[in-house]
Amino acid sequence: MFKINLKIALRNLWKNKSYTAINIGGLALGLTAFILLLLFINNEKSYDTWDPQLKQVYQIRERHDFFTPDNKPRWQHITDSRIGNLLKEKIPQFSAVTKIDNGWGNSYSIKIENKEPILVSNIKNADSLFFKVFPYEFLYGDEKTALNKPFTAVLKQSFAKKLFGTDQVLGKQISVLAWRGDEAKPMTITGVVKDTETPETIAFNVMTHTGRREIDPDQPQSTNYCQVYALASQKLDTTNLNKTLLSTYIAFKKANFAKREIKFEDFYKNGYKPGLKAVPMTEVHINPTVNSTWLEKIKPLIAVSLFLLLISIINFVNLSTAQSVQRAKEVGVKKVLGVYKQQLVRQFLNEAAIQSFAATLIAVVLVEILLPSFNSQFDINLSFWYNNHLGTLLLQLFGLFLLITLLAGFYPAWIISGFNPVKVLKGNYETSFKGIALRNALVILQFVIAVTFIIGIGVIHLQNKYIANKDLGFDRSKLINIATNYEDNFVERIKHIPGVEYVGTTTQVMGNTFNVPHQIKYNNQEYNLNTVTVSMETLPALGVEVLKGRIFGYQYKQDTVNTAVLNETAAKLMGNDVVGKFYKSGEDKSENTFQIVGVIKDYNNESFDKAVLPTVYKVTQLGGTSSTNNLLVKFNTSQHKAVIQAIEKEWSKLYPNFPMQYTSLEDAFKKELQSGERIMQIMLLFSVISVALSLLGLFALSAFMAQRRTKEIAIRKILGASDLQLINMLNRSFLILVITANIISWPVAYILTRQWLTGFAYRIDMPIWPFIIATLSSVLVAILTTSMQARKAAVNNPVNALKYE
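Small disclaimer: the values here were computed from a predicted structure and weren't measured. (Residues numbered from 1 in each chain as written. Predicted model: local features only at pLDDT ≥ 70, side-chain atom pairs only at ≥ 80, totals over all residues. Heavy atoms only, no water.)

## Points about the overall build of the chain
And step 1. Of regular secondary structure, the chain possesses 24 helices and 27 strands.
And step 2. For the chain, the residues scored as buried account for 50% of the 805 residues in total.
And step 3. Residue pairs in contact within the chain that sit at least 24 positions apart in sequence constitute 80% of those at least 6 positions apart.
And step 4. Of the roughly 38600 Å² of accessible surface on the chain, a fraction of 56% belongs to carbon and sulfur atoms. (Helix = DSSP H or I, 4+ residues; strand = E, 2+ residues; numbered from the N terminus. Buried < 20%, exposed > 50% of the residue type's maximum accessible area, 1.4 Å probe, protein only. Contact = heavy atoms within 4.5 Å. Areas by Shrake-Rupley, 256 points an atom, 1.4 Å probe, with all protein chains shown as cover.)

Here it is, written out as structure tokens:
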């Protein structure tokens, strides 16, 4: 019986080749988007699953305001380095605790004897206990002793081969430089570990041990931040563990504050609370500290993928039911011959299964073709066939295949198999057509999704255009940022290069921002500001707009001691009339007084989902009180390449073992726009596909309606109705559907796009044009689509429809 049903199914599908191709193609497109989504989700969920022991490893997070984007206390993965020793002494549940440098700055330089230095990312420094906490598989070397001695290094197998051409590198030496002035002390390679099969949070090419991580600050007021991880003897109840950690942390902070003569209650006030907790390693990637979770980032992708799959299923249902007239007599004859309804349902489900299977195969091919572009868009490395979870993925695809078969095939199978054989064989199909309202509702739903996509594209485009043309408050042209600190010798050399106008440093510039919270006293009130350290030429290099007073200048000697410049937001916060006034900062014993000499216009230095913070700018004699890793160079010529080559030449003379890294502020600005552009590109692609599939669904329903009203059209034509009148009659019902879809989609699109816009601190007002354009284009395209089918029905010879009456 199965073979007979299979043959019948294949014959029917071949007989209706155009409908079959449309069905399979539509499902394939929807499945392609969904499979890409599955690959992405599987990859994100597989983080830190490369060894069962990781279920007993915990990341320690502390609540503080150091280096947060808004200078407010947040849970952070960097903690006071003294927390590591605190856990060893006070928390017996942890069998081993390790500390890892956070890895500030850009790439490191690696120098091998007789070879040019190269820049390498993901080089980390840890204490000697790192491999006691993290169970990497050692191919060469001993995990127990690999990092026991200072100036030792362990390499990943893939990186060892890349660096030396072989993974047998024990005993060889490399020099690792963290910055341009770092002492190039050789490190001995004491181990090579196997690359993990799944992604890892602590991704490294080289793990070094300098001995620096064993040393904690000896002054109570000093803080050295790093990452802390702990291994437990068994999986722990984090609720009880975190209660113990918090009480231990509070006792530690109170003891520290006592040495600094600070009251615990005075420090933790106005909602600022102490906090220390452990997060299971398997949950670290899912729950990041400051950034959005991966799930929040891909919500638009999830939505459009699901909608696209839904449209594909709707399209399948409409196209299947549109062929019901052609299948009616077949069903009638089979029922007369004694075939049960359940057998007919199975037959039509077989047809749906064949189409779903073909669509799945095509989708897999499309995924392989699209994966390189998808990987490039999201800066990831996904693969279908070389996936570590290929078995799970294939099982998911099989489940999806069954679901699609049931969703897309069951309703048409049930309706077609339910035809009344007596009425059908008499040639009366009218009462056999059920579910007209449902089919209309499906078409409306298709167009609601399609129109919402079109409106979304319009709003996203206008928002991206607004940001791209927004006045940032500084001039990003002819400006590069070299990844280094301010060093007088190098600065003086490049200042003499023709084409260089300004050279300055800052802790805050687009592409590398270092926010530092700062509390000041002004007019007997306390204000929380963001502090930015600059050199004399920084603000002129950025081309900031001075609103009141002046900016720093070499002619004012006090500028390197006790003057400050505020941005517009800070000035408004403090009452606007601030130029010439004084404020105080620091603790009682080390309180300093600063004079405000100017106010500048706000300028953006971070992504556009954050508002500009109230900021105070200060200058020091050497150009910076902290390690900025920003050196701004402003050109007064358009011949950038020649000037940059001259700068690189001076750099190589001073720092031969560390290649120069730089980026233009224009490139940094474009990078900030990337996420919005990616969303728009995906929305555009999926919108085109959704509109195309919606039109196919409309084509299916118009074909169905034309077939259903064949005799009516023939009679009207005999009675004198013109082709145009018949076309208008058939179009009218579809026009109502499309207009209804637009009416529904407007509030839906408004809510969704407004919610998206609220993620930006700087955004456009809700525009009306995308709504109007989406409505007009959808109505016009729908009329053209249905008119083609309506004209085909209208020009047919009425005799053919009525000759058997």
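## A closer look at helix α5 (residues 157-164)
And step 1. Those residues of α5 that fall on the buried side of the exposure criterion are Gln-157, Phe-159, Ala-160, Leu-163 and Phe-164. Along the axis of α5, the buried positions cluster into a sector of 160°, meaning they face one direction only.
And step 2. Gly-165 occupies a position one or two residues after α5 and carries a positive phi of about 85°. (Arc of directions from axis to C-beta.)

## A look at unusual backbone geometry
And step 1. A positive phi is found at Lys-478, a non-glycine position, where the angle reads about 55°.
And step 2. Structurally, Lys-478 is set in the loop between α15 (436-468) and β15 (479-482).
And step 3. For Asn-576, which is not glycine, the phi dihedral falls at a positive 70°.
And step 4. Relative to the assigned elements, Asn-576 resides in the loop between α18 (568-574) and β23 (582-585).

## What about the environment of Leu-241?
And step 1. Locating Leu-241 in the fold gives a position in helix α6 (residues 238-260).
And step 2. For Leu-241, a relative accessible area of 3% gives the class buried.
And step 3. Through-space distance from the C-alpha of Leu-241 to that of Ala-278 is 7.5 Å; in sequence the pair is 37 residues apart.
And step 4. If sequence neighbours within four positions are ignored, Leu-241 has contacts with Ile-91, Phe-94, Leu-236 and Ala-278.

## Quick word on the packing of aromatic side chains
And step 1. In this structure the tally under the stated criterion is 28 aromatic pairs.
And step 2. On the numbers, 6.1 Å between centres and 25° between planes, the contact of Phe-130 with Tyr-136 is stacked. The exposure classification of Phe-130 matches that of Tyr-136, with both residues buried.
And step 3. Where Phe-357 meets Phe-401, the ring centres are 6.2 Å apart and the plane angle is 75°; that geometry is what we call edge-to-face. Of this pair, Phe-357 sits in helix α12 (residues 341-378) while Phe-401 is found in helix α13 (residues 390-417), placing the two residues 44 residues apart along the sequence.
And step 4. Residue classification places Phe-357 among the partly exposed residues on the basis of a relative accessible area of 48%.
And step 5. Each member of the aromatic cluster is reached from another via a ring pair, and the members are Trp-50, Phe-130, Phe-131, Phe-134, Tyr-136, Phe-138, Phe-204 and Tyr-229.
And step 6. Geometry around Phe-151 places Lys-185 over its ring, the cationic atom sitting 4.3 Å from the centre.
And step 7. The cationic tip of Arg-476 hangs over the ring face of Phe-669; the distance from NZ or CZ to the ring centre is 3.9 Å. (Phe/Tyr/Trp six-rings, centres within 6.5 Å; stacked < 30°, edge-to-face > 60°. Lys NZ or Arg CZ within 6 Å of the ring centre and 35° of its normal.)

## Points about the pattern of salt bridges
And step 1. Summed over all chains, the structure comprises 13 salt bridges.
And step 2. As a salt-bridge pair, Glu-200 and Lys-156 come within 2.5 Å of each other at their nearest N and O atoms. Remark: Lys-156 occurs in strand β9 (residues 152-156) and Glu-200 occurs in the loop between β11 (186-193) and β12 (206-209); sequence separation between them is 44 residues.
And step 3. The exposure class of Lys-156 is buried, given its relative accessible area of 3%.
And step 4. One salt-bridge network, in which partners are shared between bridges, spans Asp-101, Arg-212 and Arg-213. (Salt bridge = Lys/Arg side-chain N within 4 Å of Asp/Glu carboxyl O.)

## A word on the side chain of Gln-227
And step 1. Within the secondary structure, Gln-227 is located in strand β13 (residues 225-232).
And step 2. Of note is the side chain of Gln-227, whose polar atom sits 3.1 Å from the side chain of Asn-102. (Polar contact = N/O pair within 3.5 Å; in protein donor to acceptor, adjacent residues only side chain to side chain.)

## With respect to α6
And step 1. In a regular helix each residue adds 1.5 Å, so 23 residues correspond to 33 Å; α6 covers 32 Å between its end C-alpha atoms and thus fits that length.
And step 2. Where α6 is buried, its residues touch β1 (57-64), β3 (79-80), α3 (82-90), β4 (94-100), α7 (264-267) and β14 (276-280).
And step 3. Within two residues after α6, Glu-261 carries a phi angle of roughly 60°, on the positive side. (Expected span 1.5 Å × (residues − 1).)

## Observations regarding the packing of helix α16 (residues 488-495) against helix α19 (residues 640-654)
And step 1. Close contact between α16 and α19 brings their axes to 10 Å; oriented N to C, the two are set at 150°. The orientation of α16 with respect to α19, classified from their angle, is roughly antiparallel. The two elements α16 and α19 meet at a crossing, and its hand is right-handed. Packed against α16, whose contacting residues are Asn-489, Phe-490, Arg-493 and Ile-494, the element α19 presents Ile-647, Glu-650, Trp-651, Lys-653 and Leu-654 at the interface. (Axes fitted to C-alpha atoms, helices over the stretch in contact; angles between N-to-C directions. Parallel < 35°, antiparallel > 145°, perpendicular 65-115°, else oblique. Left-handed = near helix turned anticlockwise from the far one by under 90°.)

## A closer look at the sheet that holds β15
The strands that make up a sheet pair up through hydrogen bonds in the backbone, lying either parallel or antiparallel.
And step 1. Strands sit in the order β16-β26-β15-β27 across an open sheet of four strands; the sheet is antiparallel. Each end of this open sheet is capped by a strand with a single partner; those strands are β16 (500-505) and β27 (662-664). Here the strands of the sheet are splayed against their neighbours by 20° on average, with no regard to which way each runs.
And step 2. Note: β15 against β27, three bridges, orientation antiparallel. Bridged to Ile-482 within β27 is Tyr-662.
And step 3. Docked against the sheet, α16 engages β15, β16 and β26 (631-635), running at close to 160° with respect to β16. (Pairing = 2+ DSSP bridges.)

## What to know about the nonpolar core
And step 1. Membership of the largest hydrophobic core comes to 42 residues, with the highest contact counts inside it found for Ile-35, Leu-39, Leu-371, Phe-374, Phe-384 and Phe-686.
And step 2. Listing elements by their share of this core, those giving two or more residues are α2 (17-45), α10 (299-322), α12, α13, α15 and α20 (665-708).
And step 3. The leading source of residues in this core is α2, at 13 residues.
And step 4. Setting aside its immediate chain neighbours within four residues, Leu-371 contacts Leu-36, Leu-39, Leu-382, Ser-383 and Phe-384. (Core = buried A, V, L, I, M, F, W, Y, C linked by side-chain atoms within 4.5 Å.)

## Here's the deal with the environment of Leu-245
And step 1. Take Leu-245: it is sitting in helix α6.
And step 2. Overall, the relative accessible area of 0% leaves Leu-245 in the buried class.
And step 3. Along the backbone, Leu-245 and Ile-60 are 185 residues apart, and their C-alpha atoms lie at a distance of 9.5 Å.
And step 4. With sequence-adjacent residues up to four places away left out, Leu-245 is seen in contact with Leu-87, Ile-91, Phe-94, Leu-276, Lys-277 and Ala-278.

## Comments concerning the confidence of the model for the chain
And step 1. On average, the chain scores 81 in pLDDT, and the residues at 70 or more come to 84%.
And step 2. Averaged pLDDT values over the elements of the chain bottom out at 56 in helix α14 (residues 421-425) and peak at 95 in β9.
And step 3. Note that residues 429-433 has pLDDT below 50 and, in this model, 13 contacts with residues that lie over four places away or in other chains. (pLDDT = per-residue confidence, 0-100.)

## Here we look at the pairing of β23
And step 1. Burial along β23 is one-sided: Tyr-583 and Ser-585 are buried, and none of Phe-582 and Lys-584, which face the opposite way, are.
And step 2. Bridge count between strand β19 (residues 516-522) and β23: two bridges; the pairing is antiparallel. Its bridge partner lying in β23, Lys-521 is registered against Lys-584.
And step 3. Strand direction decides the pairing type here: β23 and strand β24 (residues 592-600), joined by four bridges, are antiparallel. Its bridge partner lying in β24, Tyr-583 is registered against Phe-594.

## A closer look at the packing of α3 against α6
And step 1. With their axes 11 Å apart at the nearest point, α3 and α6 run at an angle of 120° to one another. On the basis of their axis angle, the class for α3 and α6 is oblique. Considering only the axes of α3 and α6, their crossing is right-handed. Facing α3, whose interface residues are Arg-82, Ile-83, Leu-86, Leu-87 and Lys-90, α6 presents Leu-245, Thr-248, Tyr-249, Phe-252 and Asn-256.
And step 2. Looking at the contact of α3 with α6 residue by residue, the class counts come to six nonpolar, two polar and two charged. (Nonpolar A, V, L, I, M, F, W, Y, C, P; charged D, E, K, R; others polar.)

## A look at the environment of Thr-786
And step 1. Residue position: Thr-786 is located in helix α23 (residues 769-794).
And step 2. The buried category is assigned to Thr-786, whose relative accessible area is 2%.
And step 3. Along the backbone, Thr-786 and Asn-728 are 58 residues apart, and their C-alpha atoms lie at a distance of 9.9 Å.

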